[in-house]
Amino acid sequence: MKAIVKTFKVENSFIKNQCYLVYNQEQGILVDPAWEYDTIADFIFDKNIILKAILLTHAHSDHTNLVERFTKNNTVPVYMSGIEIENYEFNTPNLKPITHLSKISIGDFDIIPIITPGHTLGSTCYLIESHLFSGDTVFIEGVGICNRIDCYRLYDSVQFLKSFLNPNTLFWPGHSFGESPGKDLDYLMKNNIYFQFNDREHFVNFRTRKNRPNPFSFE
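Residues numbered from 1 in each chain as written. Predicted model: local features only at pLDDT ≥ 70, side-chain atom pairs only at ≥ 80, totals over all residues. Heavy atoms only, no water.

Q: I tried to follow the side chain of Lys-183 on my own but got confused; where do I start?
A: Within the secondary structure, Lys-183 is located in strand β12 (residues 183-184). Here Ser-180 takes part through its side chain, which lies 3.0 Å from a polar atom of the side chain of Lys-183. What Lys-183 contacts, discounting residues up to four positions off in sequence, is Ile-140, Thr-169, Leu-170, Phe-171 and Leu-188. (Helix = DSSP H or I, 4+ residues; strand = E, 2+ residues; numbered from the N terminus. Polar contact = N/O pair within 3.5 Å; in protein donor to acceptor, adjacent residues only side chain to side chain. Contact = heavy atoms within 4.5 Å.)

The structure is reproduced here in structure tokens:
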């Protein structure tokens, strides 16, 4: 049975997020639950979905602020990169560290964590079937905020995704800046300028240029 992706567009003050529920008829996995608990919990309840796990792409609060509330009401494991946990001292109940490309099987779902440093040191994308949940590593329109040193890491992460993923892989990022989520890798290769760079210095110079767009100009 193929996984279905439910997008929750949630917000708090000036920050707008996209968090996700990957589910089939019986089971679901939350990705980066934030801000609007009732919106997410009511959908899970109405669909009679059993929550099996929570995946966190990185430690920033706009991607994690509901995790303790969900773990309090659902005894489920929470997965995050061990690098992220160590470097940012992140802690929450039922937390389990994961490593690069070490497959996790949860209920009916097989999950491949892809460690993609750049936005943070342990930023992680999660591949479930043909769906990639990319957090703040990759957006449909661009890539995440980073300083110049981390931008070199981000270039390597983007290059890895380009070589590792199938062209039909669908991207589900943590924010939108005009484009809706769910575009495939082939679309990003043609429309996301950061997927068109093949030189690290050019990538870094462009990403760290002056007069860049406002990073909080969410859709």
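Q: Help me out: how do you make sense of the pattern of salt bridges in this one?
A: Counted according to the given criterion, the structure contains 5 salt bridges. Across the salt bridge formed by Arg-148 and Glu-201, the nearest N and O atoms sit 3.7 Å from each other. Here the residue Arg-148 occupies a position in helix α4 (residues 148-164), and Glu-201 occupies one in helix α6 (residues 200-207), the gap between them amounting to 53 residues. Judged by relative accessible area, which is 37%, Glu-201 ranks as partly exposed. (Salt bridge = Lys/Arg side-chain N within 4 Å of Asp/Glu carboxyl O. Buried < 20%, exposed > 50% of the residue type's maximum accessible area, 1.4 Å probe, protein only.)

Q: Teacher, can you tell me more about α4 here?
A: Count 3.6 residues to each turn of an α-helix, and residues three or four apart come out pointing the same way. Compared with an ideal rise of 1.5 Å per residue, which puts 17 residues at 24 Å, α4 spans 25 Å between its outermost C-alpha atoms and is within 8% of the ideal. Of the residues that open α4, the one with a side-chain oxygen 3.2 Å from the backbone nitrogen of Ile-149 is Asn-147. (Expected span 1.5 Å × (residues − 1).)

Everything listed is a geometric property; what it means functionally is a separate question.
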